[in-house]
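Here are the chains, one letter per residue:
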Amino acid sequence: MQRHISVLGTGTSGAEPDTCHLDLRVGAAAPSVAEATDGMSQAARAVMDALSGGGADEVSTARFTIQVDHRRQDQPQAFRAETAIRAVVGLVDGSGASVSQLLEAAVNAGGDHIGIDGLTFLHSDPTAVEHAAVRA
């Protein structure tokens, strides 16, 4: 005969976020695909340089799209090129720029070409937090 022990319970754990992901989008519209891509590339490079120079720990691009720009119906056909940029910022040691400083630098560098898709505050080691919750 096998014996079993079952335990039911709940436990909680928490930790302050120590990392922020800034998700941005940079785009440009122009009469040709080449011009739209060139405009987007120039703006994206300026934003990435501002983020890197401003203290972001990591800066990367995630996607690239080209679409017909339907918002400009009163003008000749145009194309919109767009890319996503993610910057990772450490929040703990105080050696880097603040999130608000990086956002300001990115917006100043990107001008009319930039959009902010969101900020995500995370803990860099969620496993430790999960294990603490299981122990609790």
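Predicted, not measured: the structure shown is a model, and the values here were computed from it. (Residues numbered from 1 in each chain as written. Predicted model: local features only at pLDDT ≥ 70, side-chain atom pairs only at ≥ 80, totals over all residues. Heavy atoms only, no water.)

Asks: Residues and numbers for the pattern of salt bridges, please.
Replies: A full pass over the atoms with the stated rule returns five salt bridges. A salt bridge links R25 to D117; the nearest nitrogen and oxygen atoms lie 2.9 Å apart. Of this pair, R25 sits in strand β1 (residues 19-30) while D117 sits in strand β4 (residues 114-122); the two residues are 92 residues apart in sequence, bridging distant segments of the chain. Across the pair R80 and E82 runs a salt bridge whose closest N-O atoms are separated by 3.4 Å. Relative accessible area serves as the criterion here: at 14%, E82 is assigned to the buried category. (Salt bridge = Lys/Arg side-chain N within 4 Å of Asp/Glu carboxyl O. Helix = DSSP H or I, 4+ residues; strand = E, 2+ residues; numbered from the N terminus. Buried < 20%, exposed > 50% of the residue type's maximum accessible area, 1.4 Å probe, protein only.)

Asks: Please set out the pairing of strand β3 (residues 79-90) residue by residue, giving values where relevant.
Replies: When you tally the buried positions in β3, you get nine out of twelve residues, the bulk of the element. Relative to β3, β1 runs antiparallel, the two sharing twelve bridges. In the sheet register, A28 faces β3, and the bridge partner there is A81. For strand β2 (residues 58-68) and β3, the ladder comprises nine bridges, and the chain directions are antiparallel. Following the sheet pairing, E58 is matched in β3 by V88. (Pairing = 2+ DSSP bridges.)

Asks: Before we move on, could you go through helix α1 (residues 33-53) and cite the residues and values that matter?
Replies: Its 21 residues place the ends of α1 30 Å apart at the C-alpha level, agreeing with the 30 Å of an ideal helix rising 1.5 Å per residue. Taken together, the buried positions of α1 are occupied by A36, M40, A43, A44, V47, M48, A50 and L51. Viewed along the axis of α1, the buried residues span an arc of 155°, placing them on a single side of the element. Opposite the buried face of α1, by more than 90 degrees, sit the exposed residues Q42 and G53. The elements touched by buried residues of α1 are β1, β2, β3, α2 (99-110) and β4. Just downstream of α1, G55 is the residue with a positive phi angle, here 110°. (Expected span 1.5 Å × (residues − 1). Arc of directions from axis to C-beta. Contact = heavy atoms within 4.5 Å.)

Asks: Can you lay out the packing of α1 against α2 for me, pointing to particular residues and giving the numbers?
Replies: Their axes nearest at 8 Å, the elements α1 and α2 cross at an angle of 155°. Relative to α2, the element α1 is oriented roughly antiparallel. Judged by the twist between their axes, the crossing of α1 over α2 is right-handed. Counting all contacts with α1, which are made through A46, V47, A50 and L51, the residues of α2 involved are L102, A105, A106, A109 and G110. Broken down by class, the residue content of the contact of α1 with α2 amounts to eight nonpolar, one polar and no charged. (Axes fitted to C-alpha atoms, helices over the stretch in contact; angles between N-to-C directions. Parallel < 35°, antiparallel > 145°, perpendicular 65-115°, else oblique. Left-handed = near helix turned anticlockwise from the far one by under 90°. Nonpolar A, V, L, I, M, F, W, Y, C, P; charged D, E, K, R; others polar.)

Asks: Go over the side chain of D18, please, and point to the residues and values.
Replies: Residue placement: D18 occurs in the segment before β1. No salt bridge is formed by the buried D18; the nearest opposite charge belongs to R86, separated by 13 Å. For D18, the side chain forms a polar contact with the main-chain nitrogen of S124, separated by 2.7 Å. If sequence neighbours within four positions are ignored, D18 has contacts with V89, G90, L91, V92, L122, H123 and S124. (Lys, Arg positive; Asp, Glu negative; His and termini not counted. Polar contact = N/O pair within 3.5 Å; in protein donor to acceptor, adjacent residues only side chain to side chain.)

Asks: Quick rundown of a nonpolar patch on the surface? Include the residues and the values.
Replies: There is a patch of nonpolar side chains on the surface, built from L91, V92, L119 and F121 and spanning about 360 Å² of accessible area. Position of V92 among the secondary structure elements: in the loop between β3 and α2. (Patch = residues over 30% accessible without salt bridge, like charges linked within 9 Å, V, L, I, M, F, W, Y side chains within 5 Å. Areas by Shrake-Rupley, 256 points an atom, 1.4 Å probe, with all protein chains shown as cover.)

Read these as geometric descriptors, not functional statements.
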